[in-house]
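Observations on chain architecture
Take a look at the letters that make up each chain.
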Amino acid sequence: MDYNYIEIPNTNFPTLCSDYPKDSKIEVRMFTVADIKLISRVNEFNLEYIIDELMRRCCKFTNMTYNDLYIADRDYILMFLKSGSFITANGFDIKLDKCIHCNKPITISLAIKDLELDVCTETSKIIDINGIEVKCQLPKVGQKLVKFKDIELEKIINYTNLAEIFGGVNEAISTILSWNAYDYVKLANAVNEMKCGLKEELETICPLCHEPITIHWHFLETDLLNKIPLEQLFENILSISKYANFQIDDSLAYGEVEVMCQVVNKMIEEDNKALNESEGQQTIYSGA
């Protein structure tokens, strides 16, 4: 199957692609029905595999490989694909316990266009921590990353070579936690300065009291996907097939499926209205 790939300009990426090989190029195509089926199966155990599989399916790399890609740039691509592949539900709902002004629980709906990027001007640097030269660097796809409940410690390990210096992750953590406050804060600040990609802070308006608020959140990789229940996906496909007599193929762009669902539902609504007017309150079909 031949797909329409589009090139993402280097200047769109959080790293500006400044460290990639010369003349490198990244092209993407939007999610297909087959990709949505894969996403519908995502869970905490297979998340990394599914993200890697989606990236290999949907991206073409020139003069570089997928493993050369920085995580921040990979996440941007996933956000780009989410934005372009879905007509509906391509944003985020962030729930807050309460607004600082009206003290009521609120939900902030964010569109992709509302999000901002932090751009990184350097992808690595050396800092001195009590005589130890620590390399801070943006993690790449090909790098083995760790997951902790403590987000700050997770970032420190993934963004530095401390595990290599101290002979392992556990040894690095034990050493870091034994440092004095000055050294720990110096390291944490250096790592935070390396952070780039989607900003986790945004100025917005409370939907209830309409006062300005600042929201903070931590992006999870699951936020970058749009998991659609498999039952809903098959219901949409079967509705189109039954009512429009059109066979949905796995290679079809999912955005086209959403458009077809909207058209079919509109046709069903009009047909039901016409039938109700001529024969009473009889409904011929309920749509996708």
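Residues numbered from 1 in each chain as written. Predicted model: local features only at pLDDT ≥ 70, side-chain atom pairs only at ≥ 80, totals over all residues. Heavy atoms only, no water.

The topology assignment puts Lys 60 in strand β3 (residues 59-62). On the accessibility criterion, Lys 60 (37% relative accessible area) is partly exposed. When near neighbours in sequence (up to four residues on either side) are disregarded, Lys 60 contacts Tyr 5, Lys 25, Ile 26 and Glu 27. (Helix = DSSP H or I, 4+ residues; strand = E, 2+ residues; numbered from the N terminus. Buried < 20%, exposed > 50% of the residue type's maximum accessible area, 1.4 Å probe, protein only. Contact = heavy atoms within 4.5 Å.)

Once that is clear, we can look at a nonpolar patch on the surface. A surface patch of nonpolar side chains, about 300 Å² in accessible area, is lined by Ile 87, Val 259, Val 263 and Met 267. Structurally, Val 263 is set in helix α9 (residues 254-279). (Patch = residues over 30% accessible without salt bridge, like charges linked within 9 Å, V, L, I, M, F, W, Y side chains within 5 Å. Areas by Shrake-Rupley, 256 points an atom, 1.4 Å probe, with all protein chains shown as cover. Salt bridge = Lys/Arg side-chain N within 4 Å of Asp/Glu carboxyl O.)

Further remarks concern helix α3 (residues 71-85). Between its first and last C-alpha atoms α3 spans 21 Å; for 15 residues at 1.5 Å apiece the expected length is 21 Å, and the two agree. Across the 15 residues that make up α3, a large majority, 12, are buried. Every buried residue of α3 is accounted for by Ile 71, Ala 72, Asp 73, Arg 74, Asp 75, Tyr 76, Ile 77, Leu 78, Met 79, Leu 81, Lys 82 and Ser 85. (Expected span 1.5 Å × (residues − 1).)

Pairing is antiparallel in the open sheet, where three strands are placed in the order β1-β2-β3. At either end of the open sheet lies a strand with only one pairing partner, and these are β1 (6-7) and β3. As defined by bridge partners, strand β2 (residues 25-28) adjoins β3 across four bridges and the pair is classed as antiparallel. By the bridge assignment for β3, Lys 25 is matched with Thr 62. Helix α2 (residues 47-58) contacts β2 and β3 of the sheet and is inclined by roughly 70° relative to β3. In the packing of α3 onto the sheet, contacts are made with β1, β2 and β3, and the angle to β2 comes to roughly 30°. (Pairing = 2+ DSSP bridges. Axes fitted to C-alpha atoms, helices over the stretch in contact; angles between N-to-C directions.)

Even without being a glycine, Cys 17 presents a positive backbone phi close to 55°. Note that Cys 17 resides in the loop between β1 and β2.

Time to look at helix α6 (residues 169-178). Along α6, the positions that sit buried rather than exposed are Ala 172, Ile 173 and Ile 176. Taken around the axis of α6, the buried residues stretch over an arc of 95°, which confines them to a single face. Summarising the geometry of α6, the exposed residues directed more than 90 degrees from the buried face are Asn 170 and Ser 178. Residues of α6 that are buried sit in contact with α4 (151-158), α5 (162-166) and α7 (181-194). (Arc of directions from axis to C-beta.)

Before going further, it helps to examine the pattern of salt bridges. For the structure shown, the criterion picks out nine salt bridges. Across the pair Asp 75 and Arg 74 runs a salt bridge, and its minimum N-O distance is 2.9 Å. This pair shows no difference in class: Asp 75 is buried, exactly as Arg 74 is. Between Lys 125 and Glu 193 there is a salt bridge whose closest N-O contact spans 2.7 Å. Taken together, the residues span a long stretch of sequence, with Lys 125 in strand β7 (residues 124-129) and Glu 193 in helix α7 at a distance of 68 residues. On the accessibility criterion, Glu 193 (57% relative accessible area) is exposed.

The next point concerns the packing of α4 against α6. Two numbers describe how α4 lies on α6: the axes approach to 11 Å, and their chain directions differ by 115°. In the packing of α4 onto α6, the handedness of the crossing is right-handed. Residues Leu 153, Ile 156 and Ile 157 of α4 pack against Val 169, Ala 172, Ile 173, Ile 176 and Leu 177 of α6. A breakdown of the residues in the contact of α4 with α6 according to their chemical character gives eight nonpolar, no polar and no charged. (Left-handed = near helix turned anticlockwise from the far one by under 90°. Nonpolar A, V, L, I, M, F, W, Y, C, P; charged D, E, K, R; others polar.)

Glancing now at the confidence of the model for the protein chain. A residue-level look at the protein chain finds 95% of positions with pLDDT of 70 or above and a mean pLDDT of 88. Strand β4 (residues 92-96) is the least confidently modelled element of the protein chain, averaging 81 in pLDDT, while β2 averages 97, the highest of any element. (pLDDT = per-residue confidence, 0-100.)

With that settled, consider the packing of aromatic side chains. The final tally for this structure, using the stated rule, is six aromatic pairs. Aromatic side chains Tyr 76 and Phe 80 sit 6.3 Å apart centroid to centroid with 40° between the ring planes, which places their arrangement in the tilted category. Of the two residues, Tyr 76 and Phe 80 both sit in helix α3, four residues apart, roughly one turn of that helix. Among the residues examined, Tyr 76 registers a relative accessible area of 14% and is labelled buried. (Phe/Tyr/Trp six-rings, centres within 6.5 Å; stacked < 30°, edge-to-face > 60°.)

Looking at the element boundaries, Val 28 is found in strand β2. According to the relative accessible area criterion, Val 28 is buried, its value standing at 0%. Val 28 sits 160 residues away from Ala 188 along the chain, and the two C-alpha atoms are 35 Å apart. When neighbours within four sequence positions are excluded, Val 28 is seen to be in contact with Asn 4, Tyr 5, Ile 6, Ile 8, Cys 58, Cys 59, Ile 77, Phe 80 and Leu 81.

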